Amino acid sequence: MGLLDVLLGRSKPVRPDLDQLFGLTSAAITLQAASDLRPTGMGAVCFAAVEGGAFAETQQDLRALLPSVETSQDSYGYTWLLSRHRPEETTDLVTDLHAINSALEQQGFGPQLLCSLVSFKDAAGHLLALVYLYKRGSFYPFCPLPGEKRDNALELQVKALVANDLRLEEDLSRWFPVWGAPGLTG
């Protein structure tokens, strides 16, 4: 950072740290102990797909490495890779998400990575995701409600609960909704 950056209030962007994903395992334990939220066993990685042989080859390698991963596209044209495990296998789920992110990053597709998430559900069926923003290197909770609304109170409660487990995104304007994300529907 230069003097001009300091004078203009610019800060150096945080570099992605995929090892931060492993904090989701302890966050899941914290949520189970302190609330009614339990892992669903589903997690997903979102990225902007690109055309070309190298990207297609990377996707084939991922399918060979993780054959149970499901691919889908959302209404915005982003690609999601969904991994499913038994709810008590959060560590295995996070390992899958880390492997997907790492494979894309190592092949030079890091700029296409948007976010990763692990979903949770309470006894009443309310869904919540802990979302990792790749480009910010931070997490935030997202709790969708019917009609594309959010449960902001629960999001802030979860933020307080997992503050010791995850590097949280402090800028609430960056807590983007991920409507219809795999693992967060019904």
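Note that the structure is a prediction, hence the values are computed from the model and not measured.

**Focus: the sheet that holds strand β5 (residues 127-133)**
Stage number 1. Spatially, the six strands line up as an open sheet ordered β2-β3-β1-β4-β5-β6, and their pairing is antiparallel. The open sheet has two free edges, formed respectively by β2 (70-73) and β6 (138-142), since each of these has just one partner strand. Between one strand and the next, the sheet's axes are offset by a mean angle of 25 degrees, whatever the strand orientation.
Stage number 2. With five bridges joining them, β5 and β6 adopt antiparallel strand pairing.

**Some words on unusual backbone geometry**
Stage number 1. Its identity as a non-glycine residue notwithstanding, Glu148 has a phi of 50 degrees, on the positive side.
Stage number 2. In this fold, Glu148 is placed in the loop between β7 (144-145) and β8 (149-150).
Stage number 3. Its relative accessible area of 56% is what places Glu148 among the exposed residues.

**A closer look at the packing of aromatic side chains**
Stage number 1. Using the criterion set out here, one finds five aromatic pairs in the structure.
Stage number 2. The interplanar angle of 85 degrees and the centroid separation of 4.7 Å between the aromatic rings of Phe55 and Phe109 together place this pair among those described as edge-to-face. With Phe55 in helix α3 (residues 53-65) and Phe109 in helix α4 (residues 90-109), this pair connects stretches of sequence that are 54 residues apart.
Stage number 3. According to the relative accessible area criterion, Phe55 is buried, its value standing at 2%.
Stage number 4. Classification of Phe109 by relative accessible area gives buried; the value is 10%.
Stage number 5. Three or more aromatic residues joined by ring pairs make a cluster, and in this case those are Phe47, Phe55 and Phe109.

What counts and how
- Residues numbered from 1 in each chain as written.
- Predicted model: local features only at pLDDT ≥ 70, side-chain atom pairs only at ≥ 80, totals over all residues.
- Heavy atoms only, no water.
- Pairing = 2+ DSSP bridges.
- Helix = DSSP H or I, 4+ residues; strand = E, 2+ residues; numbered from the N terminus.
- Axes fitted to C-alpha atoms, helices over the stretch in contact; angles between N-to-C directions.
- Buried < 20%, exposed > 50% of the residue type's maximum accessible area, 1.4 Å probe, protein only.
- Phe/Tyr/Trp six-rings, centres within 6.5 Å; stacked < 30°, edge-to-face > 60°.

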